[in-house]
Amino acid sequence: MKRFAAALLGLCLSGLAAAHSFQLGAIQIGHPWSRAMPAASQTGGVYLSLENQGKAEDKLVSASTPRAERAEVHTHVNDNGVMRMRKVEGGVAVAPGQTVKFAPGSYHIMLLGLKQPLKAGDRFPLTLSFEKAGQVEVQVVVQDGAGDHAH
């Protein structure tokens, strides 16, 4: 019975660890995560949510991390029936009361020139820069699987 209770407690705590958020002024940043990638991969993506709890629009204008040479805000666009990734120019606006989700197949932060592989269980810092709120460093959790993650 003690082993069962300990296992259950460990499972609950691991779920809590995976469900992390950060606050910068009126911007709530929910569960930054990345998918584990093969060791040879030079790129990766970061996904999260941005909720504006304030009364004025703000914009995510850039991101950076020591884990990659560059981090760019990207989206997917339909180019004559072919989905392509494109860098977002001018930032991603988050209106008051709005939540913008960065998810596979949508907005994401593209990591280019990875300096080391993205392995499940790793964490790494990512600095997000907003037009009004300023900068905040968040911790990105690298997860195994195709986007299964806890919030």
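Note that the coordinates shown come from a computational prediction; the quantities given were computed from them, not determined experimentally.

**Q** Please provide a residue-by-residue account of the nonpolar core, values included.
**A** One recurring pattern in soluble globular proteins: nonpolar side chains tend to sit buried together. Of all hydrophobic cores here, the largest spans 29 residues; its most connected members are Ile29, Leu50, Phe102, Ile109, Leu111, Leu128 and Phe130. Beyond its immediate stretch of four places on either side in the chain, Phe130 contacts Leu24, Ile27, Ile29, Leu50, Asp58, Lys59, Leu60, Val61 and Val136.

**Q** Just give me the short version of the packing of aromatic side chains, but keep the residues and values in it.
**A** Tallied over the entire structure, the rule returns two aromatic pairs. Ring geometry for Trp33 versus Tyr47: centroids 4.8 Å apart, planes at 40°, classification tilted. A residue pair is termed long-range when its members are at least 10 positions apart, and Trp33 in strand β2 (residues 27-35) and Tyr47 in strand β3 (residues 43-52) qualify at 14 residues. Neither residue differs from the other here; Trp33 and Tyr47 are each classed as buried.

**Q** Lay out the pairing of strand β6 (residues 82-87) with the relevant residues and their values.
**A** The sheet contact formed by strand β5 (residues 68-79) and β6 spans six bridges and is antiparallel. Bridged to His74 within β6 is Lys87. Adjacent in sequence and paired antiparallel, β5 and β6 are bridged by two residues, among which Asn80 carries a positive phi angle near 55°.

**Q** For the side chain of His74, give the residues involved together with the corresponding values.
**A** In this structure, His74 sits in strand β5. The class of His74 is buried, set by a relative accessible area of 9%. If we skip the residues at most four places from it in the chain, His74 touches Met85, Arg86, Lys87, Val88, Ser106, Tyr107, His108 and Met110.

**Q** Run through the side chain of Ser34, naming residues and quoting values.
**A** Counting through the fold element by element, Ser34 comes out in strand β2. Reaching out from Ser34, the side chain makes a polar contact with the backbone oxygen of Gly45 at a distance of 2.7 Å. Those residues in contact with Ser34 that sit more than four places away from it in its chain are Gly45, Leu118, Phe124, Val140, Val141, Val142 and Gln143.

**Q** Tell me about the pattern of salt bridges, and name the residues and values.
**A** Counting across every chain of the model gives two salt bridges. Of the charged contacts in the structure, one is a salt bridge between Asp122 and Arg67, with a shortest N-O distance of 3.1 Å. With a gap of 55 residues between them, Asp122 in the loop between β9 (108-114) and β10 (123-130) and Arg67 in the loop between β4 (58-64) and β5 connect regions that are remote in the sequence. For Glu72, the salt bridge identified is with Arg70, shortest N-O distance 3.1 Å.

**Q** Which residues make up the environment of Val61, and what are the values?
**A** Note on placement: Val61 falls in strand β4. Taking the C-alpha atoms as reference points, Val61 and Glu72, 11 residues apart in sequence, are found 9.3 Å from one another.

**Q** Describe in detail the pairing of strand β11 (residues 134-143), supporting the description with residues and values.
**A** With three bridges connecting them, β2 and β11 associate as parallel partners. If you follow Arg35 over to β11, its bridge partner there is Gln143. Looking at chain direction, β10 and β11 are connected through eight bridges and run antiparallel. Paired with Phe124 across the bridge in β11 is Val140.

**Q** Could you give an account of the confidence of the model for the chain, naming the residues involved and the relevant values?
**A** Mean pLDDT over the chain works out to 86, with 83% of the residues at or above the 70 mark. Counted against residues more than four places away or in other chains, residues 1-18, with its pLDDT under 50, gives three contacts.

**Q** Break down unusual backbone geometry for me, citing the residues and quoting the values.
**A** Of note in the backbone geometry, His31 takes a positive phi value of approximately 35° without being a glycine. The topology assignment puts His31 in strand β2. Taking relative accessible area as the criterion, His31 reaches 2% and is therefore assigned buried.

Conventions we followed
- Residues numbered from 1 in each chain as written.
- Predicted model: local features only at pLDDT ≥ 70, side-chain atom pairs only at ≥ 80, totals over all residues.
- Heavy atoms only, no water.
- Core = buried A, V, L, I, M, F, W, Y, C linked by side-chain atoms within 4.5 Å.
- Buried < 20%, exposed > 50% of the residue type's maximum accessible area, 1.4 Å probe, protein only.
- Contact = heavy atoms within 4.5 Å.
- Phe/Tyr/Trp six-rings, centres within 6.5 Å; stacked < 30°, edge-to-face > 60°.
- Helix = DSSP H or I, 4+ residues; strand = E, 2+ residues; numbered from the N terminus.
- Pairing = 2+ DSSP bridges.
- Polar contact = N/O pair within 3.5 Å; in protein donor to acceptor, adjacent residues only side chain to side chain.
- Salt bridge = Lys/Arg side-chain N within 4 Å of Asp/Glu carboxyl O.
- pLDDT = per-residue confidence, 0-100.

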